[in-house]
Amino acid sequence: MNKKIQSALISVFYKDGLEPIVKILADLGVTIYSTGGTQSFIEALEIKVIPVETLTSYPSILGGRVKTLHPVIFGGILGKRDDETHRREMAQFHIPKIDLVIVDLYPFEETVASTTDENQIIERIDVGGPSMLRAAAKNHKDVTVVARKNDYALLVEILKTQKGEISLEQRRLFAIKAFDVCTSYDTAISNYFHNLEVTTPYNKEEKIMRYGENPHQKAAFFGNLSELFEQLNGKELSYNNLVDVDAAVQLMTEFESSSNPVFAIIKHTNVCGIAQRNTTKEAWDAALAGDPESAFGGVLVCNNAIDKSTADAINEIFFEVLIAPAFDDEALTTLKSKKNRILLRRKATDKRQKEEMHRSLLNGVLIQQTDEGNYADWKETGARESTPEEKQDSIFANIVCKHLKSNAIALVKDKQLIGKGCGQTSRIDALRHAVEKAKQFNFDLKGSVMASDAFFPFDDCVRLGHEAGITVFIQPGGSIRDNDSIEYCKANNLAMVITGMRHFKH
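Being a predicted model, the structure only gives us computed values, none of them experimental. (Residues numbered from 1 in each chain as written. Predicted model: local features only at pLDDT ≥ 70, side-chain atom pairs only at ≥ 80, totals over all residues. Heavy atoms only, no water.)

A. View of the overall build of the chain. Along the chain, the regular secondary structure elements total 18 helices and 23 strands. Taking the principal axes of its C-alpha atoms as reference, the chain extends roughly 95 × 55 × 40 Å. Going through the 506 residues of the chain one by one, you find that 48% of them count as buried. Sequence separation of 24 or more characterises 58% of the internal contacts of the chain that already satisfy a separation of 6 or more. As displayed, the chain has an accessible area near 24,800 Å², and 50% of this comes from carbon and sulfur atoms. (Helix = DSSP H or I, 4+ residues; strand = E, 2+ residues; numbered from the N terminus. Buried < 20%, exposed > 50% of the residue type's maximum accessible area, 1.4 Å probe, protein only. Contact = heavy atoms within 4.5 Å. Areas by Shrake-Rupley, 256 points an atom, 1.4 Å probe, with all protein chains shown as cover.)

Written out as structure tokens, the structure reads:
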């Protein structure tokens, strides 16, 4: 059932995008109520607006903490239009009907991100705003609620095309979004007091994806990619693109302090090629050589500018996305030759959250801190200490292994991934895959380093690795049978480093 908007309450923190709504409401003859800064904004447009204080007979008090928390306001929002008792009481207490509520919330998360002053943070906990949103969403049978500026354009379109009328289905959709915003907001506040950094999505910009991980799955992205990237070419990022781009950024963040170029290739969130070299072109060549087969259709990422020679080499293969901090003009000309190729310039001021990882499962949500760091200890437990070159390869290998799905093994030589096994149900199978990959592309494993994301439950991995030519092992340790692997290394002049830091990834 359509409802015609005859009155609106507008109280927002951010005024951008509000002007078209106010003007069309005025054109439709809608009575507008407002408060404070929003009232001043509407008056500056020379549009008639009624101060909320006129309804409540109370000014804004307690430093603005109490403005709209009043029975006249909430009665106007919550009153059922088809309930005789409600109508009689609203008439008795001179409560006007409010058909449209446009409210956004104090920027709590932004304040937490910009200051440690708890007084400022506390003052950014909105009370009246969420209360009005909940009230309007609860009574969406009669009231329309808009809780996000991202929905202003949709509201304007509906008001124009439907001459100020809004259907029940549309009101219900707006109500769902309002409840999502309130949930997100309350969660952010709770997380702050629990000393968690996780942010919630529903008050952020929404992008409806063409589909999700598979074509039959619906999906949406909440966030602002423009804070992280400037898209220089290509189609819209898909769901799977976004997942792989996130994996690529997580990996390359590990090498932000590196003075030499690092190039990596990501496929289904796993690293399939990565290398560090003296030039960007050399890093690309070495990364691609690690597994040229899997690189097809991958996401490419580099910590250095893409020059013309590198672009010419990259241009020879099919890839979905290329991420870099900069692109030479000639390189861009080459890479833009394919219109669908996604080119992302990663911005120097990376506002990517240091967020907890969270996933929805089993009728609840799991939250954990991000896996930061490489090793907690550096215990040389083998027959000999690793050489300086072996140590650098071990550090490199352990980072790469951290970004592979468990169970994971990474084989590295001269800061180049030459074999990997990931997502296996046993560690020895992950190693078998890694060795076979190295052999497939004719790598000599003699003198290479093996990294494992978790401990060796038996000595079978060091035995098989030794047979393949591996001479250095890095692993977190922690098995009751650690000594079996250590003793094998000691008996065969192999180096082994125990880090004390596991890197499971599921």
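B. Seen up close, the sheet that holds strand β12 (residues 270-276). Reading across the sheet, the six strands line up as β10-β15-β14-β13-β11-β12 and stay open at both edges, with mixed pairing between neighbours. Each edge of the open sheet carries a strand with a single partner, namely β10 (229-233) and β12. On average, each strand axis in the sheet is inclined to that of its neighbour by 20 degrees, with strand direction left out of account. The pairing of strand β11 (residues 262-267) with β12 spans six bridges and is classified as antiparallel. Bridge assignment links I265 to a residue of β12, and that residue is G273. Set on the sheet, helix α11 (residues 239-253) makes contact with β10, β11, β12, β13 (298-302), β14 (319-324) and β15 (342-346); between it and β11 the angle comes to about 150 degrees. (Pairing = 2+ DSSP bridges. Axes fitted to C-alpha atoms, helices over the stretch in contact; angles between N-to-C directions.)

C. The arrangement of the sheet that holds strand β3 (residues 31-34) in detail. Pairing in this open sheet of five strands is parallel, and the strands run β4-β3-β2-β5-β6 from one edge to the other. Two strands bound the open sheet, and with one partner strand each, they are β4 (50-51) and β6 (144-146). As judged from the two bridges shared by β3 and β4, these two strands associate in the parallel manner. Considered in β4, the bridge of Y33 is made with I50. Docked against the sheet, helix α1 (residues 19-27) engages β2 (7-11), β3 and β5 (100-103), running at close to 160 degrees with respect to β2.

D. Seen up close, the pattern of salt bridges. All told, the structure shown has 23 salt bridges when counted by the stated rule. Note that D186 and R134 form a salt bridge whose closest N and O atoms lie 2.7 Å from each other. Within this pair, whereas D186 is found in helix α10 (residues 168-193), its partner R134 is found in helix α8 (residues 128-138), the two being separated by 52 residues in sequence. Taking the relative accessible area as the measure of exposure, R134 reaches 34% and is therefore partly exposed. (Salt bridge = Lys/Arg side-chain N within 4 Å of Asp/Glu carboxyl O.)

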